Amino acid sequence: PSIELPAKAVKAAEKQGIAPDTLYALSLLENTGICVVPASGFKQRDGRFGFRTTFLPSEAKMENAMTLFKKHHVDFCKKYK
């Protein structure tokens, strides 16, 4: 999927010398334990941010993972608002 990231997140990533979706992926891993691969590693068009992932948990665990994912996204966007 593609994601929209706040402009401040894009600037923070550039300042660190990493792609914006890498910043997002690292934050997701550090804050939730969910591991994704930044789409920038797959030669996306400029300005497109996203990630790739594979989830294989049980249905019960999937619901929790999606809750964590959503919370992270909201918190990440607030941090860089």
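Let us look at the structure shown here. Just so you know, these numbers come straight off a predicted model, no measurement behind them.

1. Side note on the nonpolar core
Logical step 1: The biggest cluster of nonpolar side chains holds 17 residues, and the ones touching the most others in it are L5, L23, Y24, V36, F69 and F76.
Logical step 2: Counting residues per element, the ones that place at least two in this core are α1 (7-16), α2 (20-32), β3 (49-52) and α3 (59-79).
Logical step 3: In this view, L23 contacts A9, A12, A13, Q16, I18, F76 and Y80; residues no more than four positions away in its chain are not counted.

2. Thoughts on the packing of α2 against α3
Logical step 1: Two elements in contact, α2 and α3, have axes whose closest approach is 10 Å; the angle formed by their N-to-C orientations is 125°. It follows that α2 is oblique to α3 by the angle criterion. The element α2 and its partner α3 pack so that their crossing is right-handed. Contacts from L23, Y24, S27, L28, N31 and T32 of α2 reach α3 at L68, F69, H72, H73 and F76.
Logical step 2: Per-class residue counts for the contact of α2 with α3 are six nonpolar, five polar and no charged.

What counts, and at which threshold
Residues numbered from 1 in each chain as written. Predicted model: local features only at pLDDT ≥ 70, side-chain atom pairs only at ≥ 80, totals over all residues. Heavy atoms only, no water. Core = buried A, V, L, I, M, F, W, Y, C linked by side-chain atoms within 4.5 Å. Buried < 20%, exposed > 50% of the residue type's maximum accessible area, 1.4 Å probe, protein only. Helix = DSSP H or I, 4+ residues; strand = E, 2+ residues; numbered from the N terminus. Contact = heavy atoms within 4.5 Å. Axes fitted to C-alpha atoms, helices over the stretch in contact; angles between N-to-C directions. Parallel < 35°, antiparallel > 145°, perpendicular 65-115°, else oblique. Left-handed = near helix turned anticlockwise from the far one by under 90°. Nonpolar A, V, L, I, M, F, W, Y, C, P; charged D, E, K, R; others polar.

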